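In case you want the letters, here they are:
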Amino acid sequence: MKGIPMQTGVLRMLRATAASWWRHRALRRTGETELARQLERTAVLRDLGYLRQAASLPNAHVTCGDSGTFLHLGWTTVSSFAPIERFPLAALAVARGTPFIDIRPISDVIAFANLPRVTRDGLLNPEHSGAGKCVSLTTYIDMVEKLGAKIANDPRSRQSI
């Protein structure tokens, strides 16, 4: 992702999202436009960093369930209680190719809750089992798909090429 310029549409979306935040709108209403601009700039730069991480980290992925949407970036998780349709950062990451796991169709919540988590740093420890066990993103996708999850931008298809 380094050296590849961000598309203008991505920047526009991030700027519009930052400008629409209630706090920034309130600052503009009270005449504190410069502070609102500064906070919006900070938010856009932070979100650009998240998008770059989503494109470069091998286990980065987005999940969406009844409790919200999560952008998993290794040791960092960005989340919203909203579905992906109302979380522009996650929607942009998916539009740019980050794997998306829609867990809303899963009905067996016990089986889902007992799944291992995706490794954060890409390292797998075969000796570790049980609660807290970590698996690769592709193994995790195999598991959630068996439970009924829908997958977009499937990294398994990229590996077979």
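Read on for an overview of the structure. (Residues numbered from 1 in each chain as written. Predicted model: local features only at pLDDT ≥ 70, side-chain atom pairs only at ≥ 80, totals over all residues. Heavy atoms only, no water.)

**Description of the pairing of strand 1 (residues 61–65)**
Put simply, the rule reads: Summary of the burial criterion: residues with accessible area below 20% of their type's maximum are buried, those above 50% are exposed, and those between are partly exposed, where the area comes from a 1.4 Å probe applied to protein chains only. Each helix corresponds to a stretch of at least 4 residues labelled H or I by DSSP, and each strand to a stretch of at least 2 residues labelled E; elements are numbered beginning at the N terminus. For two strands to pair, DSSP has to find at least two bridges joining them.
Of all the five residues making up strand 1, five are buried; the element is thus mostly covered by neighbouring parts of the structure. Residues of strand 1 alternate between two faces, with His61, Thr63 and Gly65 on one and Val62 and Cys64 on the opposite face, all of them buried. Bridging between strand 1 and strand 2 (residues 68–73) involves five bridges; their strand directions are antiparallel. The partner of Gly65 across the bridge, within strand 2, is Gly68. The antiparallel hairpin formed by strand 1 and strand 2 contains two residues in its connecting segment. The sheet contact formed by strand 1 and strand 4 (residues 100–102) spans three bridges and is parallel.

**Thoughts on the sheet that holds strand 7 (residues 150–152)**
Adjacent strands of a sheet form backbone hydrogen bonds with each other and so pair up, either parallel or antiparallel. Where we set the bar: To get an axis, a line is fitted to the C-alpha atoms, and for a helix only the part in contact is used. The angle between two axes follows their N-to-C directions and goes from 0 to 180 degrees.
Taking strand neighbours across the sheet as the criterion, the five strands line up as 3-2-1-4-7 in an open arrangement whose pairing is mixed. At either end of the open sheet lies a strand with only one pairing partner, and these are strand 3 (76–80) and strand 7. Taking each pair of neighbouring strands and ignoring which way they run, the sheet shows an average axis angle of 15°.

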